[in-house]
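Given next are the chains, with one letter for each unit.
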Amino acid sequence: MFDRNQAVALWHKYNESESLWHHALSVEAVMRHFAALYGEDVEYWGLVGLLHDIDWEKYPEEHCRKAPEILKEIGADDDFIHAVCSHGWSICTDVEPVKKMEKVLFTIDELTGLVTATALMRPEKMNGITVKSVKKKWSSKGFAAGVNRDIITKGAELLGEELPFIIDNTIKGMTGIAKDIGLWVEEA
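Residues numbered from 1 in each chain as written. Predicted model: local features only at pLDDT ≥ 70, side-chain atom pairs only at ≥ 80, totals over all residues. Heavy atoms only, no water.

J.: What am I meant to see in the environment of Thr175 here?
T.: Counting through the fold element by element, Thr175 comes out in helix α9 (residues 163-175). On a C-alpha basis, the gap between Thr175 and Val185 in space is 11 Å, while along the polypeptide they are 10 residues apart. Once you skip the residues sitting within four places of it in the chain, Thr175 turns out to touch Met126 and Trp184. (Helix = DSSP H or I, 4+ residues; strand = E, 2+ residues; numbered from the N terminus. Contact = heavy atoms within 4.5 Å.)

J.: Just to check I follow, could you spell out the packing of helix α5 (residues 78-86) against helix α6 (residues 100-120) for this structure?
T.: How two helices pack is summed up by the angle between their axes together with the distance between the axes. Interhelical geometry of α5 versus α6 gives an angle of 30° and a closest axis separation of 8 Å. With respect to α6, the element α5 is oriented roughly parallel. Handedness of the crossing formed by α5 with α6: right-handed. Residues Asp79, His82, Ala83, Val84 and Ser86 of α5 lie in contact with α6, whose contacting residues are Met101, Glu102, Leu105 and Phe106. Partitioning the contact of α5 with α6 into residue classes produces 5 nonpolar, 2 polar and 2 charged. (Axes fitted to C-alpha atoms, helices over the stretch in contact; angles between N-to-C directions. Parallel < 35°, antiparallel > 145°, perpendicular 65-115°, else oblique. Left-handed = near helix turned anticlockwise from the far one by under 90°. Nonpolar A, V, L, I, M, F, W, Y, C, P; charged D, E, K, R; others polar.)

J.: Explain the pattern of salt bridges to me, please; I cannot follow it from the model alone.
T.: A side chain with one charge may pair with a side chain of the opposite charge, provided their charged atoms come close. Within the structure shown, the criterion is met by 8 salt bridges. Between Glu69 and Lys66 there is a salt bridge whose closest N-O contact spans 3.3 Å. Between Asp79 and Lys99 there is a salt bridge whose closest N-O contact spans 3.4 Å. Here the residue Asp79 occupies a position in helix α5, and Lys99 occupies one in the loop between α5 and α6, the gap between them amounting to 20 residues. In the salt-bridge network here, residues are joined through shared partners; they are Arg4, Glu28, Arg32 and Glu43. (Salt bridge = Lys/Arg side-chain N within 4 Å of Asp/Glu carboxyl O.)

J.: How should the packing of aromatic side chains be read in this particular structure?
T.: What characterises a pair of aromatic rings is the spacing of the ring centres plus the angle enclosed by the ring planes. Tallying each qualifying case throughout the model produces 7 aromatic pairs. Ring centres 5.6 Å apart and planes at 90° place the aromatic pair Tyr44 and Phe80 in the edge-to-face group. Note that Tyr44 is positioned in helix α3 (residues 42-51) and Phe80 in helix α5, a separation of 36 residues in sequence. Their ring planes at 55° and their centres at 5.7 Å tell us that Trp89 and Phe106 sit as a pair that is tilted. Of the two residues, Trp89 sits in the loop between α5 and α6 while Phe106 sits in helix α6, which places them 17 residues apart along the sequence. Note on accessibility: Trp89 and Phe106 belong to one class, buried. In textbook terms, an aromatic cluster arises when at least three aromatic residues are bridged by ring pairs, as seen for Phe34, Tyr38, Trp45 and Phe165. For the cation-ring pair, Lys100 lies above Tyr38, with the distance from its terminal atom to the ring centre recorded as 4.3 Å. In this structure, Lys137 packs its charged tip against the face of Phe143, placed 4.9 Å from the ring centre. (Phe/Tyr/Trp six-rings, centres within 6.5 Å; stacked < 30°, edge-to-face > 60°. Buried < 20%, exposed > 50% of the residue type's maximum accessible area, 1.4 Å probe, protein only. Lys NZ or Arg CZ within 6 Å of the ring centre and 35° of its normal.)

J.: Help me understand the nonpolar core in this model?
T.: If you look at soluble globular proteins, the nonpolar side chains tend to sit buried side by side. The biggest cluster of nonpolar side chains holds 61 residues, and the ones touching the most others in it are Trp45, Leu51, Ile54, Leu71, Phe80 and Met126. Tallying contributions element by element places helix α2 (residues 18-38) first for this core, with 11 residues. What Ile54 contacts, discounting residues up to four positions off in sequence, is Leu10, Trp11, Tyr14, Asn15, Ala67, Ile70 and Leu71. (Core = buried A, V, L, I, M, F, W, Y, C linked by side-chain atoms within 4.5 Å.)

J.: So what exactly am I meant to see when it comes to the side chain of Ser86 here?
T.: Mapped onto the secondary structure, Ser86 falls in helix α5. Look past the residues within four positions of Ser86 in its chain and what remains in contact with it is Val95, Glu96, Pro97, Glu102 and Phe106.

Here it is, written out as structure tokens:
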């Protein structure tokens with residue numbers, strides 16, 4: 001199994017965008033948080049989160065279809081590749097999320113974008129962000145219009161979890177890395 005340093009090097013080989021890097025870090029952190037919550041392999045789940053969009057920047061038209069070839073460069077196994085590809089289920093691939101880890105990734109990928117957008121609208125960013133503040137923005141159709149709320153809802157159903165629980169734990173996962181992704185304001 002490859003380590004995080006190898007994963008980071010692979011990510012930077014295929015991606016340059018700072019916002020995409022922040023998204024990768026966000027998804028990694030949230031995946032780690034949910035893995036700990038569910039008693040699963042935190043490192044493995046985190047690496048899946050970090051590399052989930054490995055092919056997005058260079059191959060957007062082949063998203064989730066170019067990933068297997070790229071991930072094999074560092075020896076990713078079939079389970080890892082399936083997990084990465086499954087986050088695009090019903091969007092750009094027919095690889096269905098089956099395992100709990102895959103269902104979490106499918107659900108929180110879009111949600112991290114909504115939490116980020118919500119935080120960016122607040123002077124205090126991630127400091128003190130709540131489920132209520134995210135849900136309020138959820139309801140605003142024009143806000144973060146690129147975030148597919150139906151995917152998040154579908155993922156919550158797949159997981160058998162309530163949306164507030166998922167939002168709360170996504171916030172908790174992202175709060176831990178808020179400084180790294182430019183979403184933390186130092187208190188005076």
